[in-house]
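Coordinates in review
Take a look at the letters that make up each chain.
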Amino acid sequence: MFGAQATGCAPVAAAFRAGHDVVRPVKPATIAKSLAIGNPADGPYVLDVVRRTGGAVADVSDDEVVRAIRLLAVTEGIFGETASGVTLGVLRRLLADGVLDPGAETVIINSGDGLKTLDAAGAPAGAGGPRGAAAIRPTLEAFEAWESSRAA
């Protein structure tokens, strides 16, 4: 079992690295708002489960979160929220550090849609966002008109 946190709010990861059984509360400072729990009640239980299963708890920076969100969108067509960026970012970190076997089957949880955290993924729509993103009405006709204007 492995755990993932954003560096700006990583009390469990810090306790894991330090070998502590108690989680020291922190003040959250991360774009991953859904994971920004500075004093997680279940922190000691997470540490216990992770250690009993030979796992780890790691964290990634907000920049790594954004890069992971974009990677997931570009490679898989999945637009995940910041929590999925944390999860994928930590997976990449654990693979790079040799903690996880790249040949083993690994499952990560994508718990939310990127529409919940648009501001974290890059520039807002219509403000020079990724690949000319623009705000359009949520209709098929609006999409077709926008698509036609790009082809012209």
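All chains use their own residue numbering, which begins from 1 and follows the written sequence. pLDDT decides what is reported in this predicted model: residues at 70 or higher carry local features, side-chain atom pairs at 80 or more are listed and counted, and totals for whole chains, interfaces and linings draw on all residues regardless. The side-chain values count all of the structure's non-hydrogen atoms but skip hydrogen atoms and water molecules.

**Quick word on the nonpolar core**
Here, nonpolar core refers to any group of buried Ala, Val, Leu, Ile, Met, Phe, Trp, Tyr and Cys residues whose side-chain atoms link them within 4.5 Å. Burial status follows relative accessibility: with a 1.4 Å probe on protein chains alone, a residue under 20% of its type maximum counts as buried, one over 50% as exposed, and anything between as partly exposed. Among the nonpolar cores identified, the biggest contains 14 residues, and V65, V86, L88, V90 and L94 are the most heavily contacted of them. Helix and strand assignments follow DSSP, with helices taken as H or I runs no shorter than four residues and strands as E runs no shorter than two, numbered in order from the N terminus. Sorting the residues of this core by element identifies strand 2 (56–60), helix 3 (62–76) and helix 4 (82–96) as the ones contributing at least two each. Ranked by size, the runner-up nonpolar core spans eight residues in total, among them A13, V23, L47 and V57.

**A short note on the environment of G85**
Within the element layout of this structure, G85 appears in helix 4. Along the backbone, G85 and R70 are 15 residues apart, and their C-alpha atoms lie at a distance of 8.4 Å.

**Here we look at the confidence of the model for the protein**
Each residue carries a pLDDT score, the predictor's confidence in it, ranging from 0 to 100. When the pLDDT values of the protein are averaged, the result is 89; 91% of them are 70 or greater. Here residues 123–129 scores under 50 on pLDDT; set against residues more than four positions off or in separate chains, the count is ten contacts. In this description, contact between two residues means that some pair of their heavy atoms is separated by no more than 4.5 Å.

**Considerations on the pattern of salt bridges**
Basic side-chain nitrogens of Lys or Arg form a salt bridge, by our definition, when they fall within 4 Å of a carboxyl oxygen of Asp or Glu. If you walk through the whole model with that rule in mind, you get four salt bridges. The partner of D21 in a salt bridge is R51, with the nearest N and O atoms 3.0 Å apart. One end of the pair, D21, is in the loop between helix 1 (11–18) and helix 2 (43–52); the other, R51, is in helix 2, with 30 residues separating them in the sequence. With its nearest N and O atoms 2.5 Å apart, the salt bridge here joins R93 to E64. A residue pair is termed long-range when its members are at least 10 positions apart, and R93 in helix 4 and E64 in helix 3 qualify at 29 residues. Classification of R93 as partly exposed rests on a relative accessible area of 28%.

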